[in-house]
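Observations on the three-dimensional arrangement
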Amino acid sequence: MTGTQITTELRLPSRLGFEKVAMNTAASVAQLMGFSEDRVNDLKTAVSEACINAIEHGNQLDEALTVLVILAMDDNTLEVKVVDRGSGVRKTIMAPDIDRKMHGDEEARGMGMFLIQALVDEAEWVKKRVGSYARLAIHLDRDKVQDQD
Amino acid sequence: MTQPTQTKAKVDRNGAVAIVRLEGDITSASRDAVLGTYESLAADVRGVALDFVKVPYLNSSGIALVIQLVMEANKAARKVAVFGLTPHFQKVFTMVGLTKYTSLHPGEAGAVGALRA
């Protein structure tokens, strides 16, 4: 992140459905920054999936726990951190194997992290002393490069 | 208290093709609307067209339900075609590989035509 940073924070209950609050807020911030519609839609799916992971796996659907979503924007970058109380991600991110899924050799679910990684410019999962977070980022300068392609 | 949007589904027939019209968000809460509706189809259905025109939001759990539906259809030698997805979700379906087992179409006529071919 560079330049003056503006931060927006949300606290979501650990209940499925509330990921859409974060998704729509992230979309609003991305639109304010001037991201294209394609990139806004990519970010919406990535933020939604990160929040679902935090609600379901991180906080185990415990409504006494909140998911903290921090949106930080500067002139070029929108960074979204999704913080939960879980122990973080252990598995390697693999592209879904549709043939294995169709034959029942791989769970139909389990595509969220793949989608996150594929749809944003940066994605990482960080374990803290207490809790963990997913960090996603998209950059306006890459948006312009994609528009020229 | 707030509840996730309930998914609705209804079925229309066009010959041997069943058109499953989904409405609302497709998430983990949509199992009955997606798989339950598929399981209720008549035995003479040879192709299934999934209508996403009124689906504003899908997440990965919802896409997993679509994968399960396509898997069940494959077992029954039924073809599946999809129409009405936004360009973003067309991209997502392609990314997860679903286009290997189903075809994507802008409108109903194209999807039904593909199932009859």
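Residues numbered from 1 in each chain as written. Chains lettered and ligands numbered in written order. Predicted model: local features only at pLDDT ≥ 70, side-chain atom pairs only at ≥ 80, totals over all residues. Heavy atoms only, no water.

Points about helix H2 (residues 60-75) of chain B
Residues and elements named next belong to chain B. For H2, spanning 16 residues, the distance from its first C-alpha to its last is 23 Å, which sits close to the expected 22 Å at 1.5 Å a residue. Across the 16 residues that make up H2, a large majority, 13, are buried. N-capping of H2 is provided by Asn59, with a side-chain oxygen placed 3.0 Å from the backbone N of Ser61. In the stretch just after H2, Ala77 is the one whose phi turns positive, near 60°. (Helix = DSSP H or I, 4+ residues; strand = E, 2+ residues; numbered from the N terminus. Expected span 1.5 Å × (residues − 1). Buried < 20%, exposed > 50% of the residue type's maximum accessible area, 1.4 Å probe, protein only. Polar contact = N/O pair within 3.5 Å; in protein donor to acceptor, adjacent residues only side chain to side chain.)

Comments concerning the sheet that holds strand E5 (residues 103-105) of chain B
Residues and elements named next belong to chain B. On the basis of which strands lie adjacent, the open sheet formed by five strands has the order E1-E2-E3-E4-E5 and mixed pairing. With partners counted over all chains shown, the strands left at the sheet margins are strand E1 (8-14) and E5, one partner each. Pairs of neighbouring strands in the sheet enclose a mean axial angle of 25°, with direction left out of account. (Pairing = 2+ DSSP bridges. Axes fitted to C-alpha atoms, helices over the stretch in contact; angles between N-to-C directions.)

Considerations on the nonpolar core
Within the largest apolar cluster, 38 residues are counted, with the highest numbers of intra-cluster contacts made by B:Leu50, B:Phe52, B:Leu58, B:Ile63, B:Phe93 and B:Leu98. Of all the secondary structure elements, the ones that give two or more residues to this core are helix H3 (98-102) and helix H4 (112-119) of chain A together with strand E2 (17-23), helix H1 (31-39), strand E3 (47-54), H2, strand E4 (79-83) and helix H3 (87-95) of chain B. In terms of residues, this core owes the most to one element, H2(B), which gives nine residues. For B:Phe52, the residues in contact, after removing those within four places along its chain, are B:Leu22, B:Ile26, B:Leu58, B:Val66, B:Val82, B:Phe83, B:Gly84, B:Leu85 and B:Phe93. A:Val29, A:Phe35, A:Val47 and A:Val67 belong to the second-largest nonpolar core, a separate cluster that totals 30 residues. (Core = buried A, V, L, I, M, F, W, Y, C linked by side-chain atoms within 4.5 Å. Contact = heavy atoms within 4.5 Å.)

Things to note about helix H2 (residues 37-58) of chain A
All names here are of chain A. Between its first and last C-alpha atoms H2 spans 30 Å; for 22 residues at 1.5 Å apiece the expected length is 32 Å, and the two agree. Burial analysis of H2 places 17 of its 22 residues in the buried class, which makes it a mostly covered element. Remark: Gln60 follows H2 within two positions and exhibits a positive phi of approximately 55°.

Side note on the pattern of salt bridges
Residues and elements named next belong to chain B. Considering all chains together, one arrives at 16 salt bridges over all chains under this definition. Put simply, Arg21 and Glu108 hold a salt bridge, and the shortest N to O gap is 3.0 Å. On the criterion of sequence distance, the pair formed by Arg21 in strand E2 and Glu108 in helix H4 (residues 108-116) is long-range, its members being 87 residues apart. When the shortest N-O distance is used, the salt bridge between Lys75 and Glu72 registers 3.3 Å. (Salt bridge = Lys/Arg side-chain N within 4 Å of Asp/Glu carboxyl O.)

A word on unusual backbone geometry
Its identity as a non-glycine residue notwithstanding, A:Gln60 has a phi of 55°, on the positive side. Within the element layout of this structure, A:Gln60 appears in the loop between H2 and strand E2 (66-73). Accessibility expressed as a relative area gives 60% for A:Gln60, which makes it exposed. Non-glycine residue B:Ala77 carries a positive phi angle of around 60°. Of note, B:Ala77 is situated in the loop between H2 and E4. Taking the relative accessible area as the measure of exposure, B:Ala77 reaches 60% and is therefore exposed.

Regarding the pairing of E3(B)
Residues and elements named next belong to chain B. Counted residue by residue, E3 has six buried out of eight residues, so it is predominantly covered. By the bridge criterion, six bridges tie E2 to E3 in an arrangement that is parallel. By the bridge assignment for E3, Ile19 is matched with Ala49. For the crossover that starts at E2, traverses H1 and ends in the parallel E3, the hand is right-handed. Both E3 and E4 contribute to a ladder of five bridges, which runs parallel. (Right-handed = clockwise from strand over helix to strand, strands pointing away.)

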